[in-house]
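Structural overview for review
Below, each chain spelled out in residue letters.
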Amino acid sequence: MVHEIPIKPRKRWEIIFEENARWRCGVYVPERSARSEVKYIERHDAPELFLLIRGRIVLLLSKDGRSIVEKPMEEGKIYIVEEWHNAYRPGGCEGVALVIERMDIKTEYVKIGTS
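To keep things clear, this report deals only with the structure shown in the data block. Being a predicted model, the structure only gives us computed values, none of them experimental. (Residues numbered from 1 in each chain as written. Predicted model: local features only at pLDDT ≥ 70, side-chain atom pairs only at ≥ 80, totals over all residues. Heavy atoms only, no water.)

1. What to know about the overall build of the protein
Helices and strands together make up the secondary structure of the protein, namely zero helices and 10 strands. Written out in order from the N terminus, the α and β elements of the protein read β-β-β-β-β-β-β-β-β-β. Its C-alpha atoms give the protein a radius of gyration of 14 Å, near enough to 13 Å, the size a compact globule of 115 residues would have. Over its C-alpha atoms, taken along the principal directions, the protein stretches across nearly 50 × 30 × 25 Å. Looking at the protein residue by residue over its 115 residues, the buried ones come to 37%. Surface summary for the protein: the accessible area is close to 7100 Å², and the carbon and sulfur share equals 51%. (Helix = DSSP H or I, 4+ residues; strand = E, 2+ residues; numbered from the N terminus. Rg over C-alpha atoms; globule rule 2.2 N^0.38 Å. Buried < 20%, exposed > 50% of the residue type's maximum accessible area, 1.4 Å probe, protein only. Areas by Shrake-Rupley, 256 points an atom, 1.4 Å probe, with all protein chains shown as cover.)

Laid out in structure tokens, this is it:
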């Protein structure tokens, strides 16, 4: 069986496929358009896979939950994220990513500054 799923994002996070409560994939469109608009970062107890489908997305990454590095995503590269993270679309441009993650993840959040 083959499932063909058109990528037509309608919201920030939309799950498009799940497999027997083990893993899921979804389409992610960051809602923020600048680093200064991002108020929190999150960390899961399992890695997530990000793949830029189209447009521009900047990942915000932090090993310690305080010091943040901006990492512009590139098409054709897979990003395995295991640390604190969030993302934005520069200037509100188009930005769509595919995300694959485990179903049973636990998530922590930490508030960040705008510097």
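This is not the end of the story, as more comes after the structure.
2. A closer look at the pairing of strand 7 (residues 78–81)
Residues Tyr-79 and Val-81 of strand 7 are buried on one face, while the alternating residues Ile-78 and Ile-80, pointing to the opposite face, are not. Of the pairings in the sheet, the one linking strand 4 (residues 48–55) to strand 7 comprises four bridges and is antiparallel in character. Bridge pairing in strand 7 links Leu-49 to Ile-80. (Pairing = 2+ DSSP bridges.)

3. Notes on the pattern of salt bridges
Throughout the structure, instances matching the rule amount to 10 salt bridges. Ionic pairing is found between Arg-54 and Glu-94, a salt bridge with its closest N-O pair at 2.8 Å. Of this pair, Arg-54 sits in strand 4 while Glu-94 is found in the loop between strand 8 (84–88) and strand 9 (95–102), placing the two residues 40 residues apart along the sequence. Note on Glu-94: relative accessible area 46%, which makes it partly exposed. Glu-74 serves as the salt-bridge partner of Lys-77, at 3.4 Å between the closest nitrogen and oxygen. (Salt bridge = Lys/Arg side-chain N within 4 Å of Asp/Glu carboxyl O.)

4. What to know about the sheet that holds strand 1 (residues 13–19)
In spatial order, the strands read 1-2-9-4-7; together these five strands make up an open sheet with antiparallel pairing. Since the sheet does not close on itself, it has two edges, and those belong to strand 1 and strand 7, each with one partner. Neighbour to neighbour, the strand axes of the sheet diverge by 25 degrees on average, direction disregarded. (Axes fitted to C-alpha atoms, helices over the stretch in contact; angles between N-to-C directions.)

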